[in-house]
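Each chain is listed here by its residues.
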Protein chains: 2
Amino acid sequence: MRSMSCKGGSLLSTDSHYPELMPQFDLNILGCGSATPSTRHNPSCQVLNFRGQLIMIDCGEGAQAMMRRMHMNFSRISRIFISHMHGDHVFGLPGLLSTLDLHGKGGSVDVWMPADGVEIIRSITDYFCRETSFTINYHAVEGDGGLLYEDHALTVHAFPLRHRVPCYGYIFREKQGPRHLRPDMAKFYGIPVCRLNDIKAGADYVREDGTVVPNERLTLPPSPAVSYAYCSDTMFTEETARVVAGVDYLYHEATYDDSLADKARERGHSTAREAARIARMAGAGTLIIGHYSNRYTDVDILVRQAREEFPEVIAADEQLTIQLSK
Amino acid sequence: MRSMSCKGGSLLSTDSHYPELMPQFDLNILGCGSATPSTRHNPSCQVLNFRGQLIMIDCGEGAQAMMRRMHMNFSRISRIFISHMHGDHVFGLPGLLSTLDLHGKGGSVDVWMPADGVEIIRSITDYFCRETSFTINYHAVEGDGGLLYEDHALTVHAFPLRHRVPCYGYIFREKQGPRHLRPDMAKFYGIPVCRLNDIKAGADYVREDGTVVPNERLTLPPSPAVSYAYCSDTMFTEETARVVAGVDYLYHEATYDDSLADKARERGHSTAREAARIARMAGAGTLIIGHYSNRYTDVDILVRQAREEFPEVIAADEQLTIQLSK
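Just so you know, these numbers come straight off a predicted model, no measurement behind them. For every chain, the first residue of the written sequence is number 1, and numbering continues from 1 onward in sequence order. To read the labels, note that chains go from A and ligands from 1, taken in the order they are written. For a predicted model such as this one, the threshold for reporting local features is a pLDDT of at least 70, and the threshold for listing and counting side-chain atom pairs is 80 or more; totals across whole chains, interfaces and linings nevertheless cover every residue. Excluding hydrogens and water, the side-chain values take into account all heavy atoms of the structure.

### Some thoughts on the relation of the copies chain A and chain B
Using the following cut-off: For this overlay, a least-squares fit was computed on C-alpha atoms, restricted to residues scoring pLDDT of at least 70 in both copies. Two residues form a contact once any of their heavy atoms are found within 4.5 Å.
Rotating chain A by 180 degrees and moving it 0.1 Å along the rotation axis overlays it on chain B with an RMSD of 0.1 Å. Those values place the two copies in the arrangement expected of a two-fold rotation axis. The C-alpha atom lying nearest the rotation axis in chain A is that of Gly62(A); the distance is 2.8 Å. Both copies present the same face, since 100% of the interface residues in chain A are matched by interface residues at the equivalent positions in chain B.

Here it is as structure tokens:
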């Protein structure tokens, strides 16, 4: 009996056993200003919600306050990626880790950052969070970066950017998932739970009477795997376009408009147009710009100049959530 | 000729040469929450505007963003007093100092803090603000505290509070100023600028013909000197009332309501009622409560319980400015 050979297997009776067709992969903007905070923007911070797990990218001052405002669950943060050791990308980290401790978070938090920052961040958290309720694992990013993290559903790679201090971009690539079971068909054929993984992997279903139900009748193609690259802070460099080639969503800093292109180069930053050129050269799906200089009371000029190079531009803004999908 | 004996002296021709009757002494609340930030309150930070100079007391995360929101001029900060080395009182300091540097502030900033914090704060600012445009002078507060700062118009004393870590309260005492010149009378008698200081110090004015104009006709009594004490974080202790006796304005933490009095003691905090008892025992003029636990969606219960002990209670709130006067 097939149902016996399935440990804990049973016939499905409700649709709730079936996975959602669209696994969650959202980008939340908590801060997209640069250098000093303004009344319009917070310093850099983003949170990816990848299937319920929160992944933070950069942690400028005020990140934890914005998490509260955006109703994010602190306990779901387990991975943090810091691009570089300028204060507007990292001054929120001690406060965030303290708050996780005060909330009694268990388990661990993994923090990746350029190698030169590990010692100072460790000394700060050692001082202010003497005995945390969770383990903090510091990981130094150095050299060419490379694969930093991998699980069954996600990889994270780092790559060098060009800024005034060691600085890394990060690429988050969803792995191709299994085919999606069609709840109506699975119910119709009474498929036991123990067979679901095989069928989602592409197998046909052989009924008790030996007849075969082809996989195509039971499943829909898997959701396309989505990728997201974060590039901030950096000056324009073609190497970035090469590394992020084909990415679905590209966040690229766009600190200045055309008139300040010289200043951008001098300070290791980019113009909005340069960000858009990277998107075009990389064949990205959508460009998200941010890290605005606080001289811009609105960012229309940056969006306009970017769109002259690349049409699909979203202007980052605090509390904006972008559903990453194909 | 009297006008010649006065270096640079000249007859007054407009009222604008005369000082205002009320020298500015304002308390600005930038944050009055506790521990972790909430959507209602920021962590602890206050700024005294003392005659145009900004004096910061504690510097929780988000202090600089709130300064912007309250239209404060960063360059006017020259003194910062930190009560203790818990993150919600100090995590905004590295960001603030970085921003002062980015703004090209000159001169120096003096920072007082409990001795155990100097090394870590210095190491953070050394790392993130390598070559600041201004000098940072760190001062360790230890033992019984005592007089930390004095100029012609102000003294600042520190005194120990009782908390879980070394913690200090601060008293800011305005010095008794000179008598106020009456612009109408000064104009009427044509008093040269070089005589103003003598007259404000109480001297009569001797006219060219030898007649004497008594000081009472030319001046009004000086503004009463105002004092302000900051007590956070601390558990209830009668010693505090003794030290702040007679203060005009007392800020005392009021983390909890009566029902959490045990928790207050255990955590080294106070209830609102205990804060009010300190105000009553000290004979303070006005009590300002703050450092609210983030469990309170509004602080009416804290104000009510405090007023049962002491009538003059103001509830601190972000962006509140209190003009300190008698």
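### Quick word on the environment of His103(B)
All names here are of chain B. Quick reminder of the rule: Here a strand is any run of E in DSSP of at least two residues, a helix any run of H or I of at least four, and the numbering for each starts at the N terminus. Only protein chains enter the accessibility calculation, which uses a 1.4 Å probe; a residue whose area is less than 20% of its type maximum is buried, one above 50% is exposed, and one in between is partly exposed.
Mapping His103 onto the fold places it in the loop between α3 (93-102) and β5 (108-114). The class for His103 is partly exposed, based on a relative accessible area of 40%. Separated by 185 residues in the primary sequence, His103 and Ile288 have C-alpha atoms spaced 33 Å apart.

### Brief notes about α3(B)
What sets the pattern is the α-helix's 3.6 residues per turn: residues three or four places apart point alike. Residues and elements named next belong to chain B. Summarising burial for α3: eight of the ten residues are buried, a large majority. Every buried residue of α3 is listed here: Leu93, Pro94, Gly95, Leu96, Leu97, Ser98, Thr99 and Leu100. Those residues of α3 that are buried are in contact with β3 (53-59), α2 (63-69), β4 (77-81), β5, α4 (115-128) and β6 (135-141).

### Thoughts on the sheet that holds strand β7 (residues 146-150) of chain B
Residues and elements named next belong to chain B. Keep this limit in mind: For two strands to be treated as a pair, DSSP must find no fewer than two bridges joining them. Think of each axis as a best-fit line through the C-alpha atoms, taken over the contacting stretch in the case of a helix, with angles from 0 to 180 degrees between the N-to-C directions.
The mixed open sheet is built from seven strands, whose spatial order is β7-β8-β9-β14-β15-β16-β17. Looking along the sheet, the strands with just one partner apiece sit at the ends: β7 and β17 (313-315). Each neighbouring strand pair of the sheet contributes to a mean axis angle of 20 degrees, computed without reference to strand direction. Two elements, strand β8 (residues 154-160) and strand β9 (residues 168-174), share seven bridges in a ladder whose sense is antiparallel.

Honestly, it's all geometry; don't read function into it.
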